[in-house]
Amino acid sequence: PVSDISGSTAYKFGQEAQLDLQPAPNAALTFGVEWITDQVRSSPNLFGRHAGSNLAAYGQAELEPAPDVNLSIGMRYDRNKTDRTEHSFSPKIGLAYRPTEITSLRSTIGWGFRGPSIAEVYTNAIFSGVPIIPNPNLKAERSLSFEAGINQHITPYFRVDLAAFWTRYQNLIEASPDPSGTVSFRNVSKGKIAGLEISAQASSGLLGWEGNYTWMDATEDLSTTSQPLPYRSRHIASSGVQLTFGRFSLEGRFTYRSAMQRASGLFPEGNRDLIAIYRTDLSVSYDFGPLTATAKIHNALEYDYAEVERNLGPPRRFTLSLSGLF
């Protein structure tokens, strides 16, 4: 790297075609192809002039082998190209079973693939005093995910959803410094994200409430040790209350994220930003019929926090919006 970050121009082009068929009342088929290419034009001390592309083809079958059973089977093929070309076949299977009118069980397992971005492969700059160099040998991330859950109606006005999830990553991409302090994006480890999530919804007349809580264990496995993945919180919770009076609607939402367990290590003061997040959003809406006007206060209590090191979260701000269906 020879200087600080300068300007660049980026272009993204893409096309997708999809075909949906229903050969039988209890069977639906989906086929598609997708093509995306990225082009970046910048000085050599940022990204340089590079292009990347991803070509994908996919198919999925939605079947109902029994009245209370839904089966989903899919397959996706990806071809990702930067300086290197990688291919991947990613199958996915899902099963849902409804033993009663108020209970639904579900389970899915699937394989995933993510090619590295142009920024991850080619960045050649100095960011906040940290030198970042390209890594044209960067490989794509691959993953295996599993989820199981239950959705239960406790009463006609109260519903609970409980899920457990587990994902295993290979060739996990992270920005990592070497002993001299120079950073590049590398396939540094394997990784695992596992956890539990519970959500609930209740409504009665003028009042509506929903809340959710996630417990997450996110770790990376190095050659001899394991440690938390950067920027992950172990506990995440949010809750929202809505009051409706005729055409008026008032809503408040509170979000909590426990302190991130680990910073990236790119900056010496990174641990300073490992604090819990408490955020409150308020809004009022008025329904004109086909149009709805909304005024919202984001981060109403002006809580200062960092989403990542040296990157503050959004401060208090006000927005006005008008939406409608025609």
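Whatever comes next refers back to the structure up there.
Please read these numbers as outputs of a predicted model, since none were measured by experiment.

1. Some remarks on the overall build of the protein chain
- Scanning the protein chain from N- to C-terminus turns up one helix and 20 strands.
- Looking at the protein chain residue by residue over its 326 residues, the buried ones come to 32%.
- When the accessible surface of the protein chain is summed, it comes to about 18700 Å², and 60% of that surface belongs to carbon and sulfur atoms.
- Distance between charge centroids for the protein chain: 4 Å, based on 30 positive and 32 negative side chains.

2. Some thoughts on the pattern of salt bridges
- One pass over the structure, following the stated rule, counts 15 salt bridges.
- The partner of Glu86 in a salt bridge is Arg142, and the shortest N-O contact between them spans 3.5 Å. Placement of Glu86 in strand 5 (residues 85-100) and of Arg142 in strand 9 (residues 141-155) is noted, with a sequence separation of 56 residues between them.
- Judged by relative accessible area, Arg142 falls into the partly exposed class, the value being 26%.
- With a closest N to O distance of 3.8 Å, Arg234 and Asp217 form a salt bridge.

3. Points about the side chain of Ser143
- Position of Ser143 relative to the elements: it lies in strand 9.
- With relative accessibility at 17%, the residue Ser143 sits in the buried group.
- Not counting residues up to four positions away in its chain, the partners in contact with Ser143 are Gly110, Trp111, Gly112, Thr167, Arg168 and Tyr169.

4. Describing the packing of aromatic side chains
- One pass over the full model with this rule turns up eight aromatic pairs.
- Seen from their ring centres, Tyr11 and Phe13 are 6.3 Å apart, and the 10° between their planes marks the pair as stacked.
- For Tyr11, a relative accessible area of 42% corresponds to the partly exposed category.
- Classification of Phe13 as partly exposed rests on a relative accessible area of 40%.
- Taken together, the aromatic side chains of Phe254, Tyr256, Tyr278, Tyr303 and Tyr305 make up a single cluster linked through ring pairs.

5. Some points on the pairing of strand 9
- The pairing of strand 6 (residues 103-114) with strand 9 spans twelve bridges and is classified as antiparallel. Looking at strand 9, one finds that Thr108 is bridged to Glu147.
- As paired strands, strand 9 and strand 10 (residues 158-177) are joined by 13 bridges and run antiparallel to one another. Bridge pairing links His153 to Arg159 in strand 10.
- Joining the antiparallel neighbours strand 9 and strand 10 is a turn of two residues.

6. Digging into the nonpolar core
- Formed by Val40, Leu46, Phe47, Ile118, Val121, Tyr122, Ala125, Leu138 and Ile173, the largest nonpolar core amounts to nine residues.
- Looking at which element gives the most residues to this core, the answer is helix 1 (residues 118-122), with three residues.
- Discounting residues that sit within four places of it in the chain, Ile118 has contacts with Asp38, Val40, His50, Ala51, Gly52 and Thr123.
- Ile193, Ala218, Leu229 and Ile236 belong to the second largest nonpolar core, which has six residues in total.

7. Examining unusual backbone geometry
- Located in the positive-phi region is Asn171, a residue other than glycine, with phi close to 55°.
- You can see Asn171 is positioned in strand 10.
- Despite not being glycine, Asn299 shows a phi value in the positive range, around 50°.
- Here Asn299 falls in the buried class, since its relative accessible area comes to 0%.

8. Remarks on a nonpolar patch on the surface
- On the surface, Leu206, Leu207, Trp209, Val241, Leu243, Phe245, Phe248, Leu250 and Val284 cluster together to form a nonpolar patch covering roughly 750 Å² of accessible area.
- Among the secondary structure elements, those contributing two or more residues to the nonpolar patch are strand 12 (207-221), strand 14 (235-245) and strand 15 (248-257).
- Residue contributions to the nonpolar patch peak at three residues, all from strand 14.
- With respect to the secondary-structure elements, Phe248 resides in strand 15.
- Taking the relative accessible area as the measure of exposure, Phe248 reaches 45% and is therefore partly exposed.

9. Description of the side chain of Ser238
- Structurally, the position occupied by Ser238 is in strand 14.
- A distance of 3.3 Å separates a polar atom in the side chain of Ser238 from a polar atom in the side chain of Arg253.
- Among all residues touching Ser238, those that are not within four sequence positions of it are Glu210, Gly211, Asn212, Arg253, Phe254 and Thr255.

10. Digging into the pairing of strand 4 (residues 69-81)
- Sheet analysis places strand 3 (residues 49-66) next to strand 4, joined by twelve bridges and oriented antiparallel. Of the residues in strand 4, the one forming a bridge with Ser53 is Lys81.
- Where strand 3 folds back onto strand 4 in an antiparallel hairpin, the turn is made up of two residues.
- Alignment of strand 4 against strand 5, held across 13 bridges, turns out to be antiparallel. Note that in strand 5 the partner of Met75 across the bridge is Pro91.

The rules we used
Throughout this description, residue numbers start from 1 for each chain and increase along the sequence as written. Only residues with pLDDT of at least 70 get local features here, since the model is predicted, and only at 80 or more are side-chain atom pairs given and counted; chain-wide, interface and lining totals rely on the full set of residues. The side-chain quantities take in all heavy atoms of the structure and omit both hydrogens and water. Strands here are runs of E lasting at least two residues and helices are runs of H or I lasting at least four, both read from the DSSP assignment and numbered beginning at the N terminus. Buried means the residue's accessible area, taken with a 1.4 Å probe over protein chains only, is under 20% of the maximum for its type, while exposed means over 50%, and partly exposed covers the values in between. Methods summary: accessible areas were calculated by the Shrake-Rupley approach with a probe of 1.4 Å, and residue burial reflects only the protein chains presented. Charge convention: Lys and Arg are scored as positive, Asp and Glu as negative, and His as well as the terminal groups of each chain are ignored. Note that the charge is assigned to NZ on lysines, CZ on arginines, CG on aspartates and CD on glutamates. We define a salt bridge as a contact between a side-chain nitrogen of Lys or Arg and a carboxyl oxygen of Asp or Glu at a distance within 4 Å. Residues count as neighbours in contact if any of their non-hydrogen atoms are within 4.5 Å of one another. Ring pairs shown here join Phe, Tyr and Trp side chains whose ring centres sit within 6.5 Å, with only the six-membered ring taken for Trp; geometry is labelled stacked below 30 degrees between planes, edge-to-face above 60, and tilted in between. What makes two strands pair is DSSP finding at least two bridges between them. Only buried Ala, Val, Leu, Ile, Met, Phe, Trp, Tyr and Cys residues count toward a nonpolar core, and they belong to the same one when joined by side-chain atoms within 4.5 Å. The patches described consist of residues with a relative accessible area above 30% and no salt bridge, like charges being joined within 9 Å and nonpolar side chains (Val, Leu, Ile, Met, Phe, Trp, Tyr) within 5 Å. N or O atoms closer than or at 3.5 Å make up a polar contact, with two conditions inside protein: a donor-capable atom paired with an acceptor-capable one, and, for residues adjacent in sequence, both atoms drawn from side chains.

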